[in-house]
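For reference, the chains in residue letters:
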Amino acid sequence: MHRKKRVFVVTGGGTGGHIYPALAIARGLQERFPGSTIHYVGGKRGLENTIVPREGFPLTTVHCRGLERSLRLCNLAAIGDTVRGLGQSYRLLRRLGADVVIGTGGFVAFPVVMAATLAGIPALIHEQNAFPGMTNRLLAPRAAAVMLTFPEAEKRLKAKKTVLTGLPIRPEILSATREEGRRYFGLPEGSQVLLALGGSRGAKRLNEAMVYLARRWAGEPRRQVIHVTGEVNYEETVAQLKAAGISLDKCGNIKVMPYLDRMDYGLAACDLCIGRAGAAFISEVTARGLPSILVPYPHAAENHQEANARSLEAIGAAQVIMDRELDGQRLHDAVQELLEQPDRIAKMANAAKGAGRPEALTMILDEISRVVMSRK
Ligand SMILES: CC(=O)N[C@H]1[C@@H](OP(=O)(O)OP(=O)(O)OC[C@H]2O[C@@H](n3ccc(=O)[nH]c3=O)[C@H](O)[C@@H]2O)O[C@H](CO)[C@@H](O)[C@@H]1O
């Protein structure tokens, strides 16, 4: 615990992928530096405008905009917005008396972190993916330290210092027990449990492949499925299951839901999981030491989900199926093959555990503390 009151500025925005890690860090700072000020800086339009106030942190927004990857007129507008955001950020950081700035990526992190370094305020950045986003690639050379989720990101950044910290995950994901998970879903003793989900919004192709798998497994109590479809695709998936002649009430071993609030129990209960390759999901899976089949979302920025998935594949923790190659038969065969080889599953689980970083938040806070303490 530290006595001196500090001013921390946290920034990162646009999507949940940047905002949730920033909030986890903000909460961690609150605990480690009681009485300190933690100020969030977001963009004018990002999701942070709804999420951050709900979490109780003061939020100031600045101008920012992403550059198109090709030369276009709208890039001029983006440059204009960024320069404006840079000025706003500079004045804000000075007014707040910021001791340190922490950026987690997204367009808004660019003007804020850049302004910090221009004002002589140390800045740290956190990169969630194996293929770093454009903002963090641009900022890395100016940051006091770049904290990474995946070791592969290092070679794609020009950083003065990198630290492999991992991505902070919700504490309950680590603490849930297998028994609690199995009880929550009413799963029979000794059954093999498969958890399938396509990121926070679901994945249509994965859902279709899962319908095929359900057809092969329906009524087999030793094989249990928890299938999270995503809100948008739920009705359609249920209709496809019905059309395939599967009665969810009668078969008893296939559970289908639009969203799983208790992801802690889902992960705790399962023996194998199938999912996209978002950084948060992968961090949860590895922190729990779970073997996985990953189907990277093919339209993620700069195909970063494939880079995430390949990172796990390279250490033997996951099997990767590309979205374009995914179909029911392929998925069913891959799952079946794995479940029939307990040794292989155990090896994958071990490799996943080795890559897991349950202490991510502590490491991140340690790194921030080091930088703060080096300031008078
Ligand atoms: C489509 C896309 O570009 N996604 C990106 C986004 O991911 P995003 O922020 O969507 O995060 P992930 O896909 O990694 O994880 C989804 C999160 O939602 C939770 N969950 C999901 C479904 C559910 O029913 N219940 C539930 O609680 C999961 O436990 C996990 O915590 O930012 C990440 C960090 O930059 C990137 O790695 C991802 O590629």
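About the thresholds
Residues numbered from 1 in each chain as written. Predicted model: local features only at pLDDT ≥ 70, side-chain atom pairs only at ≥ 80, totals over all residues. Heavy atoms only, no water. UniProt positions renumbered as here; feature names shortened; annotations may be inferred. 1 Å grid on protein atoms, 1.4 Å probe; cavity = no way out; pocket = protein on both sides within 12 Å on 5 of 7 lines; lining within 4 Å. Points joined across faces, edges and corners; volume = space filled by probe spheres on them. Helix = DSSP H or I, 4+ residues; strand = E, 2+ residues; numbered from the N terminus. Nonpolar A, V, L, I, M, F, W, Y, C, P; charged D, E, K, R; others polar. Domains from an automatic or database assignment. Near = heavy atom within 4 Å. Polar contact = N/O pair within 3.5 Å; in protein donor to acceptor, adjacent residues only side chain to side chain. Areas by Shrake-Rupley, 256 points an atom, 1.4 Å probe, with all protein chains shown as cover.

Regarding the chain, the relevant UniProt record gives this comment under Catalytic activity (unreviewed entry): "di-trans,octa-cis-undecaprenyl diphospho-N-acetyl-alpha-D-muramoyl-L-alanyl-D-glutamyl-meso-2,6-diaminopimeloyl-D-alanyl-D-alanine + UDP-N-acetyl-alpha-D-glucosamine = di-trans,octa-cis-undecaprenyl diphospho-[N-acetyl-alpha-D-glucosaminyl-(1->4)]-N-acetyl-alpha-D-muramoyl-L-alanyl-D-glutamyl-meso-2,6-diaminopimeloyl-D-alanyl-D-alanine + UDP + H(+)". As its UniProt record puts it under Subcellular location (unreviewed entry), the chain is described as follows: "Cell membrane".

Chemist: Explain the layout of surface pockets to me, please; I cannot follow it from the model alone.
Modeler: Empty space left among the atoms is revealed by rolling a probe the size of a water molecule over them. Each pocket or cavity is described by its volume, and for the second largest pocket that value is around 230 Å³. Taken together, 19 residues make up the lining of the second largest pocket; nearest its centre are Thr 149, Phe 150, Pro 151, Leu 312 and Ala 355. Of all elements in the fold, only α12 (279–287), α13 (304–314) and α15 (342–355) reach the threshold of two or more residues within the lining of the second largest pocket. Looking at which element gives the most residues to the lining of the second largest pocket, the answer is α12, with four residues. Broken down by class, the residue content of the lining of the second largest pocket amounts to eleven nonpolar, six polar and two charged. Of the domains in this structure, domain 1 (7–169 + 358–373) and domain 2 (172–355) are the two that each give at least three residues to the lining of the second largest pocket.

Chemist: Which parts of the structure should I look at to understand the site of the ligand?
Modeler: As a structural note, the neighbourhood of the ligand is formed by 21 residues, with Asn 129, Ala 279, Glu 284, His 304 and Gln 305 the closest of them. Within the backbone of Gly 17, one N or O atom sits 3.2 Å away from an oxygen atom of the ligand. At 2.8 Å from a nitrogen atom of the ligand is found a main-chain nitrogen or oxygen belonging to Leu 260. With the chains in place, 84% of the 770 Å² that the ligand exposes on its own is no longer accessible. Looking at the shell around the ligand, the elements that each hand over two or more residues are α1 (16–32), α12 and α13. The greatest single-element share of the shell around the ligand, amounting to four residues, is contributed by α12. Counted by class, the shell around the ligand contains nine nonpolar, ten polar and two charged residues.

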